[in-house]
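An overview of the molecular structure
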Amino acid sequence: MPNKAKTLLWLLWLLLPLLLWVELVSGSAAISLLPAITDILNSNTSIATIILTEVRLPRALLAAMVGASLGISGAAMQGLLRNPLASPDILGVSQTAALFAAFALYFGLSQLSWFLLPLAALVGALTAVVLMLSLARRIAGTHTIILAGIAISALAGALIALALNFAPNPYALQEIYFWMLGSVANRSMNEVWLVLPIMVLGWALLLYSRRFLDALSLGEDTALSLGFALTPYSWLIIVGVACCTGAAVAVSGTIGFIGLVVPHILRGIVHAQSGRLLWLSLPGGAVLLLLADIIVQWLPGAQELQLGVITAMLGSPFFLYLLLHKRQLFV
Amino acid sequence: MTSNQTSVQHPLLSAHNLTRKVATNVLLDNINVQVFAGEVLGIIGPNGAGKSTLLKILAGVTTCDEGQLKLVATPFAACSANNKARTLAYLEQRPHVYWPLVVKQVVALGRLPHTNSTALMNANAIESALAFTGSSKLQDRLFHTLSEGEKMLVNLSRVLATEPQLILADEPTAALDPYHQLLVLELFRKLSRQGLGIILVLHDLQLAARFCDRLLLLHQGKMMSEGSPASVLSTTNLAQSYRINASYDSTLGTVTVLGRL
């Protein structure tokens, strides 16, 4: 069984550059990749090199990075809370990040400096997890944490709706609204460099906790008896999830379903321990979001669909299929 | 193994004057426990007597308010978490596996206290743990599709995969049929004869009388009696703690329960 998981991991890592390449050649302007790359290597500037480096490369990289971050966050939250429902979007981490970002848009902060919007999202994600965990300290049981998360999510959603209601002008309304739907289009390399270190830190924190998550699949008491201290490891995971989700929402808005569905799809293929699932969810999330973003670009129509719309539209039916046909996914 | 030599003088695990309170409620009052290599110690007592709490404190899963705990000769606080986890294995009551895992993966989780990566992946330890409980044929099955009896054997294998010197198990025979109750307790006894120290929380007095070398009777958080099954399972002790009319037959080593008091 571990061999099957290893094969899957290799497969995902091989699929990733392939999809990155497909993403780089897709788009409204037809450019040939090889001449453009030769131009870049010879430091010649052409329209093709500008499209490649300033439009498509950041988009492709962000799709992969955001997918990887949401995937690994979902796997880590499911492992920590030992619940198949846990994911950053269902427990309100994404929504709270979005709420803070919406405030940044609402008050025009995002126009003062390009990094204020991502920063606001990051602070929002941290606020959500800290709020959830401080509630969880008073209340026992992971089911209660899930309910607390859902309440936080609903509150954040309502406050975003409030911001939309009182939007100062139609332009701000549209900006907040489109940003909420989630997309990685029209981003620059600035955004890539801004969130990459935060995401890498998040991945590292989560992967460092992989053995704790393995132990936790036998419950808290057994994890303790296997030599893992619950509180410090839980905090590592919480901060890791906040970094991953906050950075993801910061550059892409709220892209639903990836965090929930990626670990489940992978679990449907291999019976992986929680720790191994983290390793799988990293390329797994990247592959899935790249795939969705390629579909977005290939679909006909004057107005390009937002990425978040596609992930939810394709993700939900697939998830229902998993629920109906793979009942052994959940104990 | 130097630890086996030292354990001739030292108990594997010893607890002195353990007290545990929740608000003004005293759950455990001044408890003393010692377990030596090669013996099975049974903790018995009616519901709510504090058996599981005591076992959790001994396993280091819960803390006590007062008292000293020592693993061989080292105080608990001075043991590293990994070292303690390698020496002392805890099997909680009906442990739950939260994700669909294959039996072999569940047993492999018992290797987690071995932090160095070759020791962590030690396939021999996993295979021999499965073989010891006769569960090798189950290794590729999904854990949650097993029967309660099979689950218990796999959980025991998981604990053995750690290669501990000491096993603490909370009601390992709960939810098992008589065949598996006997099988599991025979395995524990066999382990003790191989030099491990075993502490079991047991509800079934018959099984406690038959498989434990020594018993500790708890009543309302206090030690009511400690010693051989014959001395602990006296009619007076059982009447006072369990509120039952029972008698112990020392020739057969069995307890006959006649009724409630």
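Residues numbered from 1 in each chain as written. Chains lettered and ligands numbered in written order. Predicted model: local features only at pLDDT ≥ 70, side-chain atom pairs only at ≥ 80, totals over all residues. Heavy atoms only, no water.

**What about the interface of chain B and chain A?**
Residue-level contacts link 26 residues of chain B with 29 residues of chain A. Here chain B packs against chain A, burying approximately 2600 Å² in sum over the two surfaces, 63% of which is carbon and sulfur. Of all residues in chain B, the largest losses of buried area upon contact with chain A belong to Tyr98, Trp99 and Leu112 of chain B, amounting jointly to 29% of the total for that side. Linking chain B to chain A there are one salt bridge. One salt bridge in this structure joins Asp221 of chain A and Lys56 of chain B, with 3.1 Å as the shortest N-O distance. Across the contact surface, chain B and chain A share six residue pairs in polar contact (both at pLDDT 80 or more). Elements that contribute at least two residues to the side of chain B that touches chain A include exactly helix H3 (81-87), strand S6 (88-91) and helix H4 (103-108) of chain B. For the side of chain B that touches chain A, the leading source of residues is H3 of chain B, giving three residues. (Contact = heavy atoms within 4.5 Å. Buried area = accessible area lost by both parts, 1.4 Å probe. Salt bridge = Lys/Arg side-chain N within 4 Å of Asp/Glu carboxyl O. Polar contact = N/O pair within 3.5 Å; in protein donor to acceptor, adjacent residues only side chain to side chain. Helix = DSSP H or I, 4+ residues; strand = E, 2+ residues; numbered from the N terminus.)

**Things to note about the packing of aromatic side chains**
Each aromatic ring pair is summarised here by two numbers: the centre-to-centre distance and the angle between the ring planes. Residues and elements named next belong to chain A. The full count for this structure, using the stated rule, is six aromatic pairs over all chains. Ring geometry for Phe212 versus Phe228: centroids 6.2 Å apart, planes at 50°, classification tilted. Taken together, the positions of Phe212 in helix H10 (residues 210-216) and Phe228 in the loop between helix H11 (220-225) and helix H12 (230-252) put the pair 16 residues apart, joining distant regions of the chain. Side by side, Phe212 and Phe228 carry an identical accessibility label, which is buried. Centroid distance Phe212 to Tyr233: 4.9 Å. Interplanar angle 10°. Geometry classified as stacked. With Phe212 in helix H10 and Tyr233 in helix H12, the pair connects residues that are 21 residues apart, well separated along the chain. (Phe/Tyr/Trp six-rings, centres within 6.5 Å; stacked < 30°, edge-to-face > 60°. Buried < 20%, exposed > 50% of the residue type's maximum accessible area, 1.4 Å probe, protein only.)

**Considerations on the pattern of salt bridges**
Residue and element names in this part refer to chain B. Counted according to the given criterion, the structure contains 11 salt bridges over all chains. Notably, a salt bridge pairs Asp29 with Lys222, separated by 3.8 Å at the nearest N-O pair. Of the two residues, Asp29 sits in strand S2 (residues 25-35) while Lys222 sits in strand S10 (residues 222-227), which places them 193 residues apart along the sequence. For Lys222, a relative accessible area of 46% gives the class partly exposed.

**Observations regarding helix H3 (residues 47-81) of chain A**
Each full turn of the α-helix corresponds to 3.6 residues, which orients residues three or four apart in the same direction. Residue and element names in this part refer to chain A. Between its first and last C-alpha atoms H3 spans 49 Å; for 35 residues at 1.5 Å apiece the expected length is 51 Å, and the two agree. Where H3 bends most, at Arg56, the angle is about 40°, and the proline Pro58 comes one to four residues later. For H3, a buried count of 27 out of 35 residues is recorded, marking the element as mostly surrounded by other parts of the structure. Once H3 finishes, Arg82 follows within two positions and takes phi at roughly 50°, a positive value. (Expected span 1.5 Å × (residues − 1). Bend = angle between axes of the 7 residues up to and from the residue.)

**What to know about the side chain of Arg267 of chain A**
Residue and element names in this part refer to chain A. Mapped onto the elements of the fold, Arg267 is located in helix H13 (residues 258-269). Buried charged residue Arg267 carries no salt bridge. Nearest counter-charge: Asp214, at 9.8 Å. At 3.2 Å, the side chain of Arg267 and the side chain of Gln78 are in polar contact. (Lys, Arg positive; Asp, Glu negative; His and termini not counted.)

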